[in-house]
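Here is how the chains run, residue by residue.
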Amino acid sequence: MTLCPSSHLLPLSNSPSPPPMAASLTTSSAASRLLLLPSASARAPLHRLSAPHSTNTSLAASSSYAFSPLKCRRYSPLPPRAFSNQRASSMSTVAAASDPAQLKSAREDIKEILNSKFCHPILVRLGWHDAGTYNKSIEEWPRRGGANGSLRFEIELKHAANAGLVNALSLLQPIKEKYSGVTYADLFQLASATAIEEAGGPKIPMKYGRVDVSSAEECPEEGRLPAAGPPSPADHLREVFYRMGLNDKEIVALSGAHTLGRSRPDRSGWGKPETKYTKNGPGAPGGQSWTAEWLKFDNSYFKDIKAQIDEDLLVLPTDAAIFEDPAFKVYAEKYAEDQDAFFKDYAEAHAKLSNLGAKFDPPEVCKAINS
């Protein structure tokens, strides 16, 4: 779960200029992928990338593993103070269980955004980064981190791993305002799961009713998200994901979400400026993708990393690790051969990730709004 590199959902070059505050958050946006990307670049022979000199990343952060799916083609800028820590109205409300009917309607609105703006990667990244701060060793909510809507606050948006995610919030804020009965924590996870499904991926067995944190003071400290080019990639993945309570199978399955998105060297320091797969978009052209069809969710990520014959496809150190580490390789080989097995394990891992650290009110609510 390289929670996505900084490709995370980076704004595309033809996006309108963000508001003043948002601009400060997007200046260093990383690549557009589901993994965290470091901020410096380096390319080894062939298409395999070596760790950059800088340790900053963006899966989730400059020093963490960022899930970095591609950014949307455009977004609706919010007022400069929309995500200000001082604004305590709708942004600071602690909400209980989301309304099932509103969740269903919100899902339909999310589908419309996905179909018009090709922003599947950045919405996946948003959900992953909100949940990926979870620490299983801390029992107290919300200090333990996880899926609690804290990523809507400016202080957490400024974490290096979250570069560019202000644009995902800009896309979802009108939906939140339209459906006040849906919490931010639920909306982020709903958007992430819907993006996977609409890209051709498996149905995610989601449940809803997550409670939102009430203030920026409840945001987790920076540094809990993964990095894309650490000195020991396999060890780093385990350190980050074991902290969340995830295992080797789940780490490899979640890494497969890199089938979506692309990385831009001017934002993350990783990848090529342009390839034959990205020169025509959709959205602003450019960047380097992990797969040829980078808006389609399938098992091609595993096939392409195993083959490593196309220099136009991106392979980060953490990507390569899943075929180099003996324990990871068992699952990577399996998923390269069996898409059904990958989809099954991915759906379970994604659902587990989306629940990490969450406080549900009531404990069991709104299961399977897909029905």
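Residues numbered from 1 in each chain as written. Predicted model: local features only at pLDDT ≥ 70, side-chain atom pairs only at ≥ 80, totals over all residues. Heavy atoms only, no water.

I keep staring at the nonpolar core and nothing clicks. Help me out?
A general tendency of soluble globular proteins is for nonpolar side chains to be buried together. Counting 74 residues, the largest nonpolar core has Ile110, Leu123, Leu172, Phe297, Phe302, Ile322 and Tyr346 as the members making the most contacts within it. If one sorts the elements of this core by residue count, helix α6 (residues 184-198) sits on top with eight residues. Setting aside chain neighbours within four positions, we find Tyr346 in contact with Trp128, Ile196, Pro202, Ile204, Ala253, Leu254, Ala257 and Phe297. Membership of the second largest hydrophobic core comes to six residues, among which are Phe153, Val211, Ala216 and Cys219. (Core = buried A, V, L, I, M, F, W, Y, C linked by side-chain atoms within 4.5 Å. Buried < 20%, exposed > 50% of the residue type's maximum accessible area, 1.4 Å probe, protein only. Helix = DSSP H or I, 4+ residues; strand = E, 2+ residues; numbered from the N terminus. Contact = heavy atoms within 4.5 Å.)

Just checking my understanding: could you explain the side chain of Ser263 for this structure?
When you line up the elements, Ser263 lands in strand β2 (residues 261-263). Only 2.9 Å separates the side chain of Ser263 from the backbone oxygen of Trp270, close enough to count as a polar contact. (Polar contact = N/O pair within 3.5 Å; in protein donor to acceptor, adjacent residues only side chain to side chain.)

Honestly, helix α7 (residues 233-243) in this entry has me stumped. Any pointers?
Of all eleven residues making up α7, eight are buried, and the element is well covered by its neighbours. Residues Pro233, Ala234, His236, Leu237, Arg238, Val240, Phe241 and Arg243 constitute the buried set of α7. Along its buried surface, α7 packs onto α8 (248-255), α11 (317-324) and α12 (326-337). At the exit of α7 stands Gly245, carrying a positive phi of roughly 90 degrees.

For this particular structure, what's the right way to read the packing of α7 against α11?
Angle between the axes and distance between the axes are the two parameters that describe a pair of packed helices. Relative orientation of the contacting elements α7 and α11 amounts to 95 degrees, with a least axis distance of 8 Å. With respect to α11, the axis of α7 lies roughly perpendicular. Two secondary-structure elements touch here, α7 through Pro233, Ala234 and Leu237 and α11 through Pro317, Thr318 and Ala321. In the contact of α7 with α11, the residues fall into five nonpolar, one polar and no charged. (Axes fitted to C-alpha atoms, helices over the stretch in contact; angles between N-to-C directions. Parallel < 35°, antiparallel > 145°, perpendicular 65-115°, else oblique. Nonpolar A, V, L, I, M, F, W, Y, C, P; charged D, E, K, R; others polar.)

It is not clear to me how the packing of aromatic side chains should be interpreted in this structure. Could you clarify?
Each aromatic ring pair is specified by the distance between its two centres and by the angle formed by the two planes. If you walk through the whole model with that rule in mind, you get ten aromatic pairs. When the ring of Phe297 is compared with that of Phe343, the centres are 5.7 Å apart and the planes differ by 55 degrees; the resulting orientation is tilted. Placement of Phe297 in the loop between β3 (288-289) and α10 (300-307) and of Phe343 in helix α13 (residues 339-355) is noted, with a sequence separation of 46 residues between them. Here the two residues Phe297 and Phe343 agree in accessibility, since each one is buried. Members of the aromatic cluster, each reached through a chain of ring pairs, are Phe297, Tyr301, Phe302, Tyr335, Phe342, Phe343 and Tyr346. Above the plane of the ring of Tyr184 lies Lys176, whose end atom (NZ or CZ) is 4.9 Å from the centre. (Phe/Tyr/Trp six-rings, centres within 6.5 Å; stacked < 30°, edge-to-face > 60°. Lys NZ or Arg CZ within 6 Å of the ring centre and 35° of its normal.)

I'm lost on the environment of Val240 in this one. Help?
Mapped onto the fold, Val240 is located in helix α7. Placed 107 residues apart in sequence, Val240 and Thr133 show a C-alpha to C-alpha distance of 9.3 Å. With sequence-adjacent residues up to four places away left out, Val240 is seen in contact with Arg224 and Pro226.

I tried to follow α13 on my own but got confused; where do I start?
Count 3.6 residues to each turn of an α-helix, and residues three or four apart come out pointing the same way. If you check α13, its first and last C-alpha atoms are 24 Å apart, about what 17 residues at 1.5 Å a residue would give, namely 24 Å. Within α13, the full set of buried residues consists of Ala341, Phe342, Phe343, Asp345, Tyr346, Ala347, Ala349, His350, Ala351, Leu353 and Ser354. One side-chain oxygen at the N-terminal end of α13 lies 3.1 Å from the backbone nitrogen of Asp340; it belongs to Asp338. Phi for Gly357, located one or two positions after α13, is positive at around 70 degrees. (Expected span 1.5 Å × (residues − 1).)

Sorry if this is basic, but what is going on with unusual backbone geometry here?
A negative phi angle characterises most non-glycine residues, just as the trans form characterises most peptide bonds. Cis geometry marks the peptide bond from Trp141 to Pro142; its omega dihedral reads 5 degrees. Looking at where Pro142 falls in the secondary structure, it is placed in the loop between α3 (120-131) and α4 (154-157). With omega at -5 degrees, the peptide bond leading from Asp361 into Pro362 counts as cis. Tracing the backbone through its elements, the reader meets Pro362 in the segment after α13. Positive phi, normally seen in glycine, also occurs at Phe118, with a value near 55 degrees. Along the chain, Phe118 turns up in the loop between α2 (100-117) and α3. Given a relative accessible area of 24%, Phe118 falls into the partly exposed group. Positioned with a positive phi, Gln308 is a non-glycine residue whose angle comes to about 45 degrees. For Gln308, a relative accessible area of 27% puts it in the partly exposed group.

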